[in-house]
Amino acid sequence: ASEHLAWITGWTDDLDGRALEAALDRAQTRALLRFAHPPAGSRPPRVLKNPRWLRPFELFARALGVPGGDEADPTPVLAVVVPLLFGYMFGDVGQGLVLVLVGVWLMRRHELARLLVACGASAMAFGFLFGSLFGVEHLIPALWLHPLEQPLTVLVVPLIFAVGLLSLGQLLSGLGALWRGRLGEWLLVDAGFLVMYLGLVARVTLPDAGGWLGWLPLVGLVWYLVGAYLVAHRLLGALTALARLAEHGLQLLTNTLSFARVGAFALAHAALSAAIVTMADAAPLWAAAVILVLGNLVVILLEGLVVSIQTTRLVLFEFFNRFLRGTGRLFVPLSPPSGLLAEQPAATVASALSRNGPASPAPAASLSRPLASGDVA
């Protein structure tokens, strides 16, 4: 920069330059805008392009970093998974409604409050399924079951959900392998591992099943070992794959069983609510009202925090480790110089540029559409 010239180089998500040109025109700034191909070996920053209602769920992926160019953005999946997990563990119509109202009140100030609205709505839905209204289970009929009356079912359902979710994680890993140009290796090895996993689950859940279903685990094992031999082109590769199979198999088993805590917390939530209602029934009318109000407040604050932590833990450590490494680089918009803010509106152009671009102008690719670099002189 000098007294009469400023040269800005960086990445931008304005692919055709129209937004930058419009900003320059509005500022009545004389400028030249140039786009070029990225230099070899450059590492473009990434921008997650999701609708506004999905953006709060990007929080979970960003906890591990930005998904790289060869990794799938899990945000759309999380918009379904996170509310389901939270609602199952926090199923109550009244308590869920409180979360929705608080979330709506906070939405204008904090974008992340949309998470509270989504999770509260899910808690209300499961509250109708469990027949629970502020912990009282005789005011509305249960559309499915009362958790404390059928605890085994409450524990088993999350395990079935875990099998589907972890299998989806394996498939997303295959999608990443396709983008890296290694789909053949994934089909030879990891696809066999997935078949073996689903076959073992089928044998456990359907012990009387026969025919091809009974042979599915063995088919998956042979598939995995033969694929490992073909990839390594030697017997040692297949033997090494056996050790890796034991490690990954134990890890996947642990990941699956971890989802039993979803049912456990659902039972704990129901038990705590039942204890509060029992205390209220044994107290005088005025004391019962105080116990119900304070008890539900404690449940919303305490259980809500615990359930949120457990939901986050399951997503980050059980689901993401199937496919997400977070190797991408975050796109950080360039802040305009403070001196320009007071003197001319041309500084608004800088908000569309990133300060973490290379020295040479270049375009980059994101998960849904490419970034480009721009030189503004």
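Residues numbered from 1 in each chain as written. Predicted model: local features only at pLDDT ≥ 70, side-chain atom pairs only at ≥ 80, totals over all residues. Heavy atoms only, no water.

Participant: I keep staring at the packing of aromatic side chains and nothing clicks. Help me out?
Facilitator: Each aromatic ring pair is described using two quantities: the centre-to-centre distance and the angle formed by the ring planes. A complete count under the given rule lists nine aromatic pairs for this structure. Relative to Phe126, the ring of Tyr88 has its centre 5.5 Å away and its plane inclined at 80°; by these criteria the two rings are edge-to-face. Taken together, the residues Tyr88 in helix α3 (residues 75-89) and Phe126 in helix α5 (residues 113-130) connect sequence positions 38 residues apart. Accessibility assignment for this pair places Tyr88 and Phe126 in one class, buried. Ring pairs connect the aromatic residues Tyr88, Phe126, Phe130 and Trp144, which therefore count as one cluster. The lysine or arginine in question, Arg109, covers the ring of Trp105, its NZ or CZ lying 4.9 Å from the ring centre. (Phe/Tyr/Trp six-rings, centres within 6.5 Å; stacked < 30°, edge-to-face > 60°. Helix = DSSP H or I, 4+ residues; strand = E, 2+ residues; numbered from the N terminus. Buried < 20%, exposed > 50% of the residue type's maximum accessible area, 1.4 Å probe, protein only. Lys NZ or Arg CZ within 6 Å of the ring centre and 35° of its normal.)

Participant: Please explain empty space enclosed by the protein as it appears in this structure.
Facilitator: Using a probe with the size of a water molecule, rolled over the atoms, empty space left in the structure can be pinpointed. A full pass over the atoms with the stated rule returns one cavity of 30 Å³ or more. Residue lining of the largest cavity: Gly91, Phe130, Ser132, Gly135, Glu137, Pro147, Ala266, His269, Ala270, Ser273 and Ala274, and that is the complete set. In terms of residue count, the dominant contributor to the lining of the largest cavity is helix α11 (residues 260-281) (five residues). Broken down by class, the residue content of the lining of the largest cavity amounts to five nonpolar, five polar and one charged. (1 Å grid on protein atoms, 1.4 Å probe; cavity = no way out; pocket = protein on both sides within 12 Å on 5 of 7 lines; lining within 4 Å. Points joined across faces, edges and corners; volume = space filled by probe spheres on them. Nonpolar A, V, L, I, M, F, W, Y, C, P; charged D, E, K, R; others polar.)

Participant: Explain the pattern of salt bridges here, please?
Facilitator: Pairing is possible between side chains that carry opposite charge, provided their charged atoms lie close to one another. Scanning all chains against the criterion turns up ten salt bridges. Put simply, Glu58 and Arg62 hold a salt bridge, and the shortest N to O gap is 3.2 Å. Pair noted here: Glu58 and Arg62 are both in helix α2 (residues 58-62), with a separation of four residues, about one helical turn. A relative accessible area of 36% places Arg62 in the partly exposed class. With its nearest N and O atoms 3.0 Å apart, the salt bridge here joins Glu111 to Arg114. One network of salt bridges, with partners in common, ties together Asp70, Glu71, Arg180 and Arg325. (Salt bridge = Lys/Arg side-chain N within 4 Å of Asp/Glu carboxyl O.)

Participant: How should I be thinking about unusual backbone geometry in this particular structure?
Facilitator: Peptide bonds are mostly trans, and most non-glycine residues show a negative phi. Although it is not a glycine, Gln28 sits at a positive phi angle of roughly 55°. Among the secondary structure elements, Gln28 is positioned in the loop between α1 (18-26) and β2 (33-34). Residue classification places Gln28 among the exposed residues on the basis of a relative accessible area of 73%.

Participant: Please explain α11 as it appears in this structure.
Facilitator: One turn of an α-helix holds 3.6 residues; hence residues three or four places apart share an orientation. End to end, α11 covers 32 Å across 22 residues, agreeing with the expected 32 Å (1.5 Å per residue, within 8%). Those residues of α11 that sit buried are Val262, Gly263, Ala266, Leu267, His269, Ala270, Ser273, Ile276, Val277 and Ala280. If you follow the buried residues of α11, they end up packed against α3, α4 (93-106), α6 (151-179) and α12 (285-319). (Expected span 1.5 Å × (residues − 1). Contact = heavy atoms within 4.5 Å.)

Participant: Can you walk me through the layout of surface pockets in this structure?
Facilitator: Taken as a whole, the largest pocket holds about 640 Å³ of empty space. Lining the largest pocket we find 29 residues, and of these Ser173, Trp186, Asp190, Arg244 and His248 sit closest to its centre. Those elements giving two or more residues to the lining of the largest pocket turn out to be α6, α7 (183-188), α8 (190-205), α9 (212-232) and α10 (235-258). For the lining of the largest pocket, the element with the highest residue contribution is α6, accounting for five residues.

Participant: I'm lost on the side chain of Asn255 in this one. Help?
Facilitator: Counting through the fold element by element, Asn255 comes out in helix α10. Residue Asn255 is classed as buried on the basis of its relative accessible area of 5%. Ignoring anything within four residues of it in the chain, the contact list for Asn255 reads Leu166, Phe317, Glu318, Asn321 and Arg322.

Participant: Explain a nonpolar patch on the surface here, please?
Facilitator: A surface patch of nonpolar side chains, about 890 Å² in accessible area, is lined by Leu188, Trp215, Leu218, Val219, Val222, Trp223, Val226, Tyr229, Leu230 and Val231. Here the nonpolar patch gets nine residues from one element, more than from any other, and that element is α9. Examined against the element boundaries, Val231 turns out to sit in helix α9. With a relative accessible area of 31%, Val231 lands in the partly exposed category. (Patch = residues over 30% accessible without salt bridge, like charges linked within 9 Å, V, L, I, M, F, W, Y side chains within 5 Å. Areas by Shrake-Rupley, 256 points an atom, 1.4 Å probe, with all protein chains shown as cover.)

Participant: Even after reading the chapter, I still don't get the nonpolar core, so can you show me in this structure?
Facilitator: Soluble, globular proteins show a tendency: their nonpolar side chains are buried together. Counting 52 residues, the largest nonpolar core has Phe60, Leu78, Leu85, Phe90, Phe259 and Phe320 as its most contacted members. For this core, the leading source of residues is α3, giving eight residues. Those residues within four positions of Phe60 in sequence are excluded, and the remaining contacts are Leu78, Val82, Leu115, Thr312, Val315, Leu316 and Phe320. (Core = buried A, V, L, I, M, F, W, Y, C linked by side-chain atoms within 4.5 Å.)

Participant: What exactly am I supposed to notice about the environment of Arg203 here?
Facilitator: When you line up the elements, Arg203 lands in helix α8. Using a relative accessible area of 38% as the deciding quantity, one classes Arg203 as partly exposed. Taking C-alpha positions, Arg203 is 9.2 Å from Trp215, a pair spaced twelve residues apart along the chain. Residues within four places of Arg203 in sequence aside, it is in contact with Leu213, Gly214 and Pro217.

Participant: Explain the packing of α3 against α6 to me, please; I cannot follow it from the model alone.
Facilitator: Pairs of packed helices are described in terms of their axes, by the angle between the two and the distance that separates them. Where α3 meets α6, the closest approach of the two axes is 12 Å, and the angle between their N-to-C directions is 165°. With respect to each other, α3 and α6 are oriented roughly antiparallel. Here α3 and α6 pass one another in a crossing that is left-handed. Residues Val77, Val81, Leu84, Leu85 and Tyr88 of α3 form the contact with α6, whose participating residues are Thr153, Val154, Val157, Pro158, Phe161, Leu165 and Leu168. Across the contact of α3 with α6, the residue classes tally to eleven nonpolar, one polar and no charged. (Axes fitted to C-alpha atoms, helices over the stretch in contact; angles between N-to-C directions. Parallel < 35°, antiparallel > 145°, perpendicular 65-115°, else oblique. Left-handed = near helix turned anticlockwise from the far one by under 90°.)

Purely geometric numbers; function is a separate question.
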